[in-house]
Amino acid sequence: MANNKQKLTTASGIPYYENENSMTAGPRGPVLLQDFILHEKMAHFNRERIPERVVHAKGSGAYGTFTVTHDITPYTRAKVFSEMGKQTRVFLRFSTVGGERGSADTERDPRGFALKFYTEDGNWDLVGNNTPVFFVKDAKKFSDFIHTQKRDPYTNCKSATMMWDFWSLNPESLHQVTILMSDRGTPYSYRHMHGFGSHTFSMINKDGERNWVKFHFKTLQGIKNFTDAEAAALRGTDPDWAQRDLVQSIEKGEFPQWALKIQIMSEKQAAAFRWNPFDLTKTWPQGDFPLIDVGILELNENPDNYFAHVEQAAFAPAHVVDGIGFSPDKMLQGRILSYTDAQRYRLGTNYEHIPVNRCPYMVSNYQRDGAMRMDGNGGSSPNYFPNSFDNIEADPAYKEPGLPIEATTADWYDRNAEGENDHYTQPGDLYRLLSATDKANLISNIVGSMSGIEGPKREEIINRQLCHWFRADISLGIGVAKGLKIDLDAVMKQMPA
C-alpha cells in the first residue's frame, strides 16, 4: 500500500519534527529565542481572527483599588507592596475563553482574570484565570488546544469530538478538565469565583534574593456556581448575565472584593519538590506552601464606555515591575512573547498609548512613529541611545539578579518525560476532596459532554479518555463508564496493569 502521509512543515515548506516541545536550556530551563517553530505557531495563531481577540473575546471589566494589608517586603521590593495601607489603582477584565464576542456568559469554560496594576514603576499585568492550572504545559501546544475549543473547520460548529480527542491524547490536560467539568466550570458570576496568576512567577527582595511565587485572589463574596442545567437555561434567556451582574452590583455600591494571598517557595525547596514547580498543570499543596495574606482588591468603578476601556484593554504577562519576575514555566515563557505580539496586531504598535493601557506615571524611551501615535512622538528629542543630549539613563538599581541555568545543553526536551508525567495524582486528589453532590455533578457533566463524541473514532476516543479517569480515581472512572453505558469488563481489559 502506498504511503500517503505528508511531512509536517513550516509555512515555507521546511520539514520539522519538534511540534510539541519548546527548545529549552535544560529540561526545566528557559525557552530559547531561536525556537522559530514556536514563534511561527504563536504568531500565526495571533493573527487568525480580526478584529476580536482570538481567545477571551467576550469580557467584562471595571476599575478599582488594591490595598496592602500585610507586609511581604521580606519577599519583594515591588513598590506596589512597599507599605501597609498603600493603595494602587487597578483595572480588572473578566472573560470567557473559547466563545466569540456574542457568546453566552454561562458557557462551560474557564474564566479569564486579567488584572492591571497602575504602579509608579510602570504597569504590572497579572494575566490569569479562575483556575490555578491549565490544559497544557508548553506554549507550543496552545494553538492546537484552542482550535479544539473553537469551531470545526468542516461543520463550523463546536465539536465534542475535537475536544475529547485532544484531551484523551494529552493526559496533561486531566487536572484542568476535571475542574472544568465540575460546577466551577459554570460560575454564578464573575464576583463569585477566585482568580489566579496560575503561573509560577518570582519575587526579588531589596537584597536581590529570589523566591518563586504563586498569586491567589480569593473571592470575599464566596464561591457560587450554576449547575449544568441552570447554566444552560441562562444561555437562552440572558446570555449577558455576568456582564449585567457586574455592572449592576457596582452601580448599587455592592463593590466586589478579593483577598490577595501568595504562596512562596524558595529556590532550594523548588529543587527538591516532588513535582516540577514550573509545570502549569500542577498546583503547590497548601499544606506544604501555606497561603500568605497580602491585601484586598476591590472593584468600585464601572467604565463609562465599554469599547474604550474593556474592549481596548490589553494585557501581557511580559509586563512585570521591579520586584516581580518570571520563572522557567514554559507556558509563561511562550506567553511573554505571544501576548504582546497579539496586542500589537489587534490594536497597533502604540496600543499602550490608549488611556486604559497607558502608564499614568513617567514613560521615557526611544520608541517612535507607528500607527496611531498619540503623545507627541518624542518631539525633537533624540531617538537613539546613548546620546549626548537628553537625560534618560538606565538605572542599575532595577537590575534583576542572574538566573542560574541547570543544564548546558539546549534541546527539545519531552515535557512529559519520566518525572514530569504524573498527570493523575492531583486530579484524583481533587475528585476525592469533592462532596458527594459535587462528585455526582462532575460525573454527570463529564458524561453529558462525552456523549457528544461522534464519528468513526467515537469508541476509540471514549475508551482512551476513560483510561485517564480510571487512573485518576477508580470510582470516577466507573461512574463515567456507567453513565456512558460502557461495558466495564471491556474497558478494564484495556487498562494497563
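The coordinates are above.
Rules used in this analysis
- Residues numbered from 1 in each chain as written.
- Predicted model: local features only at pLDDT ≥ 70, side-chain atom pairs only at ≥ 80, totals over all residues.
- Heavy atoms only, no water.
- Axes fitted to C-alpha atoms, helices over the stretch in contact; angles between N-to-C directions.
- Helix = DSSP H or I, 4+ residues; strand = E, 2+ residues; numbered from the N terminus.
- Contact = heavy atoms within 4.5 Å.
- Buried < 20%, exposed > 50% of the residue type's maximum accessible area, 1.4 Å probe, protein only.
- Pairing = 2+ DSSP bridges.
- Salt bridge = Lys/Arg side-chain N within 4 Å of Asp/Glu carboxyl O.
- Lys, Arg positive; Asp, Glu negative; His and termini not counted.
- Polar contact = N/O pair within 3.5 Å; in protein donor to acceptor, adjacent residues only side chain to side chain.
- Core = buried A, V, L, I, M, F, W, Y, C linked by side-chain atoms within 4.5 Å.

Engineer: Which parts of the structure should I look at to understand the packing of helix α2 (residues 142-149) against helix α3 (residues 160-169)?
Structural biologist: In a packed pair of helices, the relevant descriptors are the angle between the two axes and the axis-to-axis distance. For the pair α2 and α3, the least separation of the axes is 7 Å and the interaxial angle reads 145°. Between α2, through Asp144, Phe145, His147, Thr148 and Gln149, and α3, the contact on the second element is made entirely by Met162, Met163, Phe166 and Trp167.

Engineer: Just checking my understanding: could you explain the pairing of strand β5 (residues 122-129) for this structure?
Structural biologist: Buried residues dominate β5, accounting for 8 of its 8 residues. Here strand β4 (residues 111-119) pairs with β5 via 8 bridges, running antiparallel. In the sheet register, Phe113 faces β5, and the bridge partner there is Gly128. Connecting the antiparallel pair β4 and β5 is a turn made up of 2 residues.

Engineer: Hey, could you run me through unusual backbone geometry in this one?
Structural biologist: Peptide bonds are, in most cases, trans, and in most cases residues other than glycine have a negative phi. Between Phe385 and Pro386 the backbone carries a cis peptide bond, its omega angle lying at 0°. For Pro386, the position within the fold is in the loop between α9 (330-347) and β12 (410-412). At Asn156, a position not held by glycine, the phi torsion is positive, near 60°. In this fold, Asn156 is placed in the loop between α2 and α3. Although it is not a glycine, Asp369 sits at a positive phi angle of roughly 65°. Relative to the helices and strands, Asp369 resides in the loop between α9 and β12. For Asp369, a relative accessible area of 48% corresponds to the partly exposed category.

Engineer: How should I be thinking about the pattern of salt bridges in this particular structure?
Structural biologist: Two side chains carrying opposite charge are able to pair once their charged atoms lie near each other. Scanning all chains against the criterion turns up 34 salt bridges. Across the pair Glu120 and Lys86 runs a salt bridge whose closest N-O atoms are separated by 2.6 Å. Taken together, the residues span a long stretch of sequence, with Glu120 in the loop between β4 and β5 and Lys86 in the loop between β2 (59-68) and β3 (87-96) at a distance of 34 residues. A residue is classified by how much of its surface remains accessible, and Glu120, at 34% relative accessible area, is partly exposed. Lys86 gets classed as buried once you look at its relative accessible area, which sits at 15%. The partner of Arg244 in a salt bridge is Asp238, and the shortest N-O contact between them spans 2.7 Å. The exposure class of Asp238 is buried, given its relative accessible area of 13%. Connected through salt bridges with shared partners, the residues Glu20, Lys141, Glu172 and Arg415 form a single ionic network.

Engineer: Teacher, can you tell me more about the side chain of Lys214 here?
Structural biologist: Of note, Lys214 is situated in strand β8 (residues 210-219). We note that Lys214 is buried and unpaired, the nearest opposite charge coming from Asp329 at a distance of 5.7 Å. In terms of polar contacts, Lys214 uses its side chain to reach the side chain of Thr200, at 3.3 Å.

Engineer: Explain the nonpolar core to me, please; I cannot follow it from the model alone.
Structural biologist: For soluble globular proteins, nonpolar side chains are generally found buried alongside one another. In terms of nonpolar packing, the biggest core is built from 44 residues, with Trp164, Trp167, Ile446, Met450, Trp469 and Val480 touching the most fellow members. Of all the secondary structure elements, the ones that give two or more residues to this core are α1 (36-46), α2, α3, α4 (174-181), α11 (436-450), α12 (458-472) and α13 (474-483). Among the elements that take part in this core, α12 stands out by supplying 6 residues, more than any other. Grouped together as the second largest cluster of nonpolar side chains are 35 residues, Val68, Phe201, Trp258 and Leu260 included.

Engineer: Would you mind showing me how to read α4 here?
Structural biologist: In an α-helix, one turn spans 3.6 residues; hence positions three or four apart end up facing the same way. Across the 8 residues that make up α4, a large majority, 8, are buried. Buried within α4 we find Leu174, His175, Gln176, Val177, Thr178, Ile179, Leu180 and Met181. Residues of α4 that are buried sit in contact with α3, α10 (425-433), α11 and α12.

Engineer: Can you walk me through the environment of Asp245 in this structure?
Structural biologist: Mapped onto the elements of the fold, Asp245 is located in helix α6 (residues 241-251). Here Asp245 falls in the buried class, since its relative accessible area comes to 13%. Sequence-distant contacts of Asp245, defined by excluding residues within four places in its chain, comprise Ser189 and Arg191.

Engineer: So what exactly am I meant to see when it comes to the side chain of His199 here?
Structural biologist: One can find His199 in the loop between β6 (195-196) and β7 (201-204). Here Asp329 takes part through its side chain, which lies 2.8 Å from a polar atom of the side chain of His199. A distance of 2.6 Å separates a polar atom in the side chain of His199 from a polar atom in the side chain of Arg335.

Engineer: Whenever I open this one, the environment of Ser22 confuses me. Can you help?
Structural biologist: Inspection of the secondary structure assignment puts Ser22 in the segment before β1 (23-25). Taking the C-alpha atoms as reference points, Ser22 and Tyr413, separated by 391 residues in sequence, lie 7.4 Å from one another. Residues within four places of Ser22 in sequence aside, it is in contact with Val31, Asp35, Leu38, Asp138, Lys140, Asp411, Trp412 and Tyr413.

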